[in-house]
Amino acid sequence: MNNPFIPKINKINFENKVLRFQNNEGCNTMVVNTIHAKINTQNVYQSFLSICEEYHINYEAFLIENICKICIMINDYESYTLTYEDKNKDVSIELASVLYQQLSIQIRNIDFVNKARK
């Protein structure tokens, strides 16, 4: 049986990871600029999750027996899954990394489709 639960997320660690990705010179500049234009530096955590939602990305967390499962959903389909046993484990960095990766893919996919239509 799937029981929803709230994973342990240290918002400061999450925000720092997102900002490190944003400052990474190797990142796609179009992705960085798109996120930068929409992110609120006063609340990076919440604004980043809002950007993800805008691109139809979210996550759902479940406790199945003794296993914690976080499903990254894109357009209501499971795209990636994090599983772990300790429900007190801080998943901030892993979650930020996966969400940023998925958001980057979505932004580039939309850009590709828009350019193909021209």
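What this report covers is the structure whose coordinates are included nearby.

## So, the packing of helix α3 (residues 44-54) against helix α4 (residues 92-117)
Phase 1 of the analysis: Two numbers describe how α3 lies on α4: the axes approach to 10 Å, and their chain directions differ by 40°. When the axis of α3 is compared with that of α4, the two are oblique. Handedness of the α3/α4 crossing: left-handed. Touching Phe 48, Leu 49, Ile 51 and Cys 52 of α3 are Leu 99, Tyr 100 and Leu 103, all from α4.

## Looking at unusual backbone geometry
Negative phi is the rule for most residues except glycine; trans is the rule for most peptide bonds.
Phase 1 of the analysis: A positive phi angle is found at Asn 75, which is not glycine, with a value near 50°.
Phase 2 of the analysis: Looking at the secondary structure, you find Asn 75 in the loop between β3 (67-74) and β4 (77-84).
Phase 3 of the analysis: Positive phi, close to 70°, is recorded for Asp 76, a residue that is not glycine.
Phase 4 of the analysis: By relative accessible area, which is 68% here, Asp 76 ends up exposed.

## Concerning helix α2 (residues 29-38)
Phase 1 of the analysis: All of the buried residues in α2 are Val 31, Val 32, Thr 34 and Ile 35. Projected onto a plane normal to the axis of α2, the buried residues spread over an arc of 165° and lie on a single side. In α2, those exposed residues whose orientation departs by more than 90 degrees from the buried face are Thr 29, His 36 and Ala 37.
Phase 2 of the analysis: Close packing links the buried residues of α2 with α1 (11-23), α3 and α4.
Phase 3 of the analysis: Residue Asn 28 occupies the N-cap position of α2, its side-chain oxygen lying 2.8 Å from the main-chain nitrogen of Met 30.

## Digging into the sheet that holds β3
Phase 1 of the analysis: On the basis of which strands lie adjacent, the open sheet formed by 4 strands has the order β1-β2-β3-β4 and antiparallel pairing. One side of each edge strand has no neighbouring strand; the edge strands of this open sheet are β1 (2-4) and β4. Put simply, the sheet's adjacent strands are angled 35° from each other on average, direction ignored.
Phase 2 of the analysis: Bridging between β1 and strand β2 (residues 57-64) involves 3 bridges; their strand directions are antiparallel. Its bridge partner lying in β2, Pro 4 is registered against Phe 62.
Phase 3 of the analysis: Seen against the sheet, α4 touches β2, β3 and β4 and runs at an angle of roughly 20° to β3.

Cut-offs applied
- Residues numbered from 1 in each chain as written.
- Predicted model: local features only at pLDDT ≥ 70, side-chain atom pairs only at ≥ 80, totals over all residues.
- Heavy atoms only, no water.
- Axes fitted to C-alpha atoms, helices over the stretch in contact; angles between N-to-C directions.
- Helix = DSSP H or I, 4+ residues; strand = E, 2+ residues; numbered from the N terminus.
- Parallel < 35°, antiparallel > 145°, perpendicular 65-115°, else oblique.
- Left-handed = near helix turned anticlockwise from the far one by under 90°.
- Contact = heavy atoms within 4.5 Å.
- Buried < 20%, exposed > 50% of the residue type's maximum accessible area, 1.4 Å probe, protein only.
- Arc of directions from axis to C-beta.
- Polar contact = N/O pair within 3.5 Å; in protein donor to acceptor, adjacent residues only side chain to side chain.
- Pairing = 2+ DSSP bridges.

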